[in-house]
Amino acid sequence: MTIGTITNHRSREEGAIIYPVHSRRSGGLSIGVNLFPDRKVCSFNCPYCEVFPFEADVFFSMETMKSALCRTVQEAQKNGVPIKDICFSGNGEPTMSPFFTEAVTAAAAIRSELAPEAKLVAITNGTGLLNQAVFQFLKTASLPGIDLHIWLKLDAATEAWYNAVDRSAVPFMELVSRIRDFAGSGAPFTIQTMLCKIKSALPPPEESAAWVQLVTELAALSAASVRDCCAVGHTGATGGYCVTENKPHIRAVQLYGKARPAPEDPLAEAAPTEALEERAALLRGALDKAGMIVPVEVYK
Ligand code: SF4
């Protein structure tokens, strides 16, 4: 595996715990951490999921993760490739691993020692928030110190689209309720939404309207938590933007399209670029009207 030339995630289906990839959302080299080298483990069953069926006779261990991460960071640095982030993603939902908190804490220490410029990212579908211990860990880890960047999936804002695009047994209303709690907890995070066609159909207009409303509501809850943090020593906040930390508490909304093959193709298909831009424009308009400062990014 040559650092800097990696374009797909296949190695993680060959038992890799650490897998360097070129990431469009990170804008460069992302070092993936896969907590499930032996099988996919996830509480969602997204039809666009890129994890192909596989079997690998490899088991996760903290020692292997730490040594492989150190080695990969050093190899990238030797090759002069800037590391954009170290990202927990892999073959499933990272918060479902019993190693999750230990692995994030260890990766944060390695990042601080070897690559302080790299972000530490966890991509999650949010179902871990239903577990109070995971909720609390994510909240604490998102703050200065570990400074974990949480990319929280929010593909749907209506139950009907959730059932089509995420196909989860986790009750939709319970999940949304915990995401609301998380937004109001003062934890900074990024919202990440896959916009694709399912069975050749784009999300209906009522889904788009509900999504814009829900994201705007989450931004407002987050903005209120910024006011709380400023009340305890920060110098000021406006529109959800914390002046002291120089960032919004909802760091960004990432709208992304289907760009890679999936085992269930063509059940899910890429949406036209205009659909992503249209959705982004609707959200920007709503956030603007509400006086909220949140970057809305589109990844086609
Ligand atoms: S949440 Fe991620 S890993 Fe889980 S099914 Fe969906 S795309 Fe796949």
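All values reported here derive from a predicted model rather than from experimental measurement. (Residues numbered from 1 in each chain as written. Predicted model: local features only at pLDDT ≥ 70, side-chain atom pairs only at ≥ 80, totals over all residues. Heavy atoms only, no water.)

**Quick notes on the overall build of the protein chain**
Our working definition: Helix numbering and strand numbering both begin at the N terminus, where a helix is a DSSP run of H or I of at least 4 residues and a strand a DSSP run of E of at least 2. Think of it in three bands: with a 1.4 Å probe and only protein chains considered, a residue is buried below 20% of the maximum accessible area for its type, exposed above 50%, and partly exposed in between. Contacts are assigned to residue pairs that have any heavy atoms within 4.5 Å of one another. Note that accessible areas follow from Shrake-Rupley with a 1.4 Å probe, and for residues the cover is restricted to the protein chains shown.
If you tally the helices and strands in the protein chain, you get 7 helices and 13 strands. When each of the 300 residues of the protein chain is scored for burial, the buried share is 56%. Nonlocal contacts in the protein chain, meaning residues at least 24 apart in sequence, comprise 75% of its contacts between residues at least 6 apart. A total of about 12800 Å² of accessible surface is found on the protein chain, and carbon and sulfur atoms cover 54% of it.

**Details of the packing of helix 3 (residues 132-142) against helix 5 (residues 172-183)**
The condition that has to hold: To define axes, lines are fitted to C-alpha atoms, for helices over the stretch in contact only, and angles between the resulting N-to-C directions are given on a 0 to 180 degree scale. Handedness of a crossing is defined here by the sense of rotation of the near helix relative to the far one, left-handed for an anticlockwise turn of less than a right angle and right-handed for a clockwise turn. In this classification, Asp, Glu, Lys and Arg are treated as charged, Ala, Val, Leu, Ile, Met, Phe, Trp, Tyr, Cys and Pro as nonpolar, and every other residue, Gly included, as polar.
At a minimum axis distance of 11 Å, the contact between helix 3 and helix 5 shows a crossing angle of 35 degrees. Crossing hand, helix 3 versus helix 5: right-handed. Contacts between helix 3 and helix 5 pair Q132, F135, L138 and K139 from the former with R178, D181 and F182 from the latter. Class assignment of the residues belonging to the contact of helix 3 with helix 5 gives a composition of 3 nonpolar, 1 polar and 3 charged.

**Focus on unusual backbone geometry**
Across the junction of D265 and P266, the peptide omega takes the value 5 degrees, indicating a cis bond. In this model, R167 sits at a positive phi of 45 degrees, which is unusual for a non-glycine residue. By the secondary structure assignment, R167 is in the loop between helix 4 (159-165) and helix 5. With a phi close to 50 degrees, K199 is a non-glycine residue in the positive phi region. Structurally, the position occupied by K199 is in the loop between strand 7 (196-198) and helix 6 (205-231).

**A look at empty space enclosed by the protein**
Spelled out, the test is: With a 1 Å grid spanning the protein atoms alone, the term cavity applies to any set of points in which a 1.4 Å probe fits but cannot get out, the term pocket to an open set with protein on both sides within 12 Å along at least five of seven lines, and the term lining residue to any residue with an atom within 4 Å of a point. Grid points are joined across faces, edges and corners, and a volume is the space filled by probe spheres set on the points.
The final tally for this structure, using the stated rule, is 3 cavities of 30 Å³ or more. There is about 70 Å³ of room inside the second largest cavity. Lining the second largest cavity are F44, K153, L154, D155, A156, Y162, D166, F172, L175, V176 and I179. If one sorts the elements of the lining of the second largest cavity by residue count, helix 5 sits on top with 4 residues. Broken down by class, the residue content of the lining of the second largest cavity amounts to 8 nonpolar, no polar and 3 charged.

**A word on the packing of helix 1 (residues 62-78) against helix 2 (residues 100-114)**
Our working definition: Put simply, angles under 35 degrees are roughly parallel, angles over 145 are roughly antiparallel, angles from 65 to 115 are roughly perpendicular, and the rest are oblique.
Put simply, helix 1 and helix 2 touch, their axes get as near as 11 Å, and they point 30 degrees apart. With respect to helix 2, the axis of helix 1 lies roughly parallel. For the pair helix 1 and helix 2, the sense of crossing is right-handed. Across the interface between the two elements, M62, M65, K66, L69, C70, V73, Q74 and Q77 of helix 1 pack against E102, A103, A106, A107, I110 and L114 of helix 2.

**Considering the site of the ligand**
Formally: A molecule or strand has a residue near it when one of that residue's heavy atoms lies within 4 Å.
The environment of the ligand is made up of K40, C42, F44, N45, C46, Y48, C49, G92, N125 and K153. Of the residues that constitute the shell around the ligand, the class distribution is 5 nonpolar, 3 polar and 2 charged.

**Comments concerning helix 1**
Quick note on the threshold: What a helix is expected to span follows from its residue count: subtract one and scale by 1.5 Å. The arc in question is formed by the directions pointing from the helix axis toward the C-beta atoms.
Here helix 1 is 17 residues long and its end C-alpha atoms lie 24 Å apart, about the 24 Å a rise of 1.5 Å per residue gives. Of the residues making up helix 1, those classed as buried are M62, M65, A68, L69, T72, V73 and A76. Angularly, the buried residues of helix 1 cover 135 degrees about the axis, an arc narrow enough to put them on a single face. Summarising the geometry of helix 1, the exposed residues directed more than 90 degrees from the buried face are E63, R71 and K78. The inward-facing, buried residues of helix 1 abut strand 1 (18-23), strand 2 (28-33), strand 3 (83-88) and helix 2. Within two residues after helix 1, G80 carries a phi angle of roughly 70 degrees, on the positive side.

**Remarks on the pairing of strand 1**
Rules: Two strands make a pair as long as DSSP finds a minimum of two bridges between them.
For strand 1, the buried fraction is high: 5 of the 6 residues fall into the buried class. The turn joining strand 1 and strand 2, which pair antiparallel and follow one another in sequence, is formed by 4 residues; a positive phi near 80 degrees is taken by G27.

**Section: the environment of W211**
Structurally, W211 is set in helix 6. Residues W211 and A157 lie 54 residues apart in sequence; the distance between their C-alpha atoms is 4.8 Å. Leave out the neighbours within four places in its chain, and W211 touches L154, A157, T193, V253, L255, R279 and L283.

**Re the nonpolar core**
Formally: Only buried Ala, Val, Leu, Ile, Met, Phe, Trp, Tyr and Cys residues count toward a nonpolar core, and they belong to the same one when joined by side-chain atoms within 4.5 Å.
With 89 residues, the main nonpolar core has M65, L69, F88 and W211 as its most contacted residues. Among the elements that make up this core, the one with the highest residue count is helix 6 (8 residues).

**Re the sheet that holds strand 1**
The sheet built from 8 strands is open, its strands ordered 1-2-3-4-5-6-11-13 with mixed pairing. Of all strands in the sheet, those bounded by a partner on one side alone are strand 1 and strand 13 (296-299). Ignoring strand direction, the axes of neighbouring strands in this sheet form an average angle of 25 degrees. One ladder, built from 5 bridges, connects strand 2 with strand 3; its direction is parallel.

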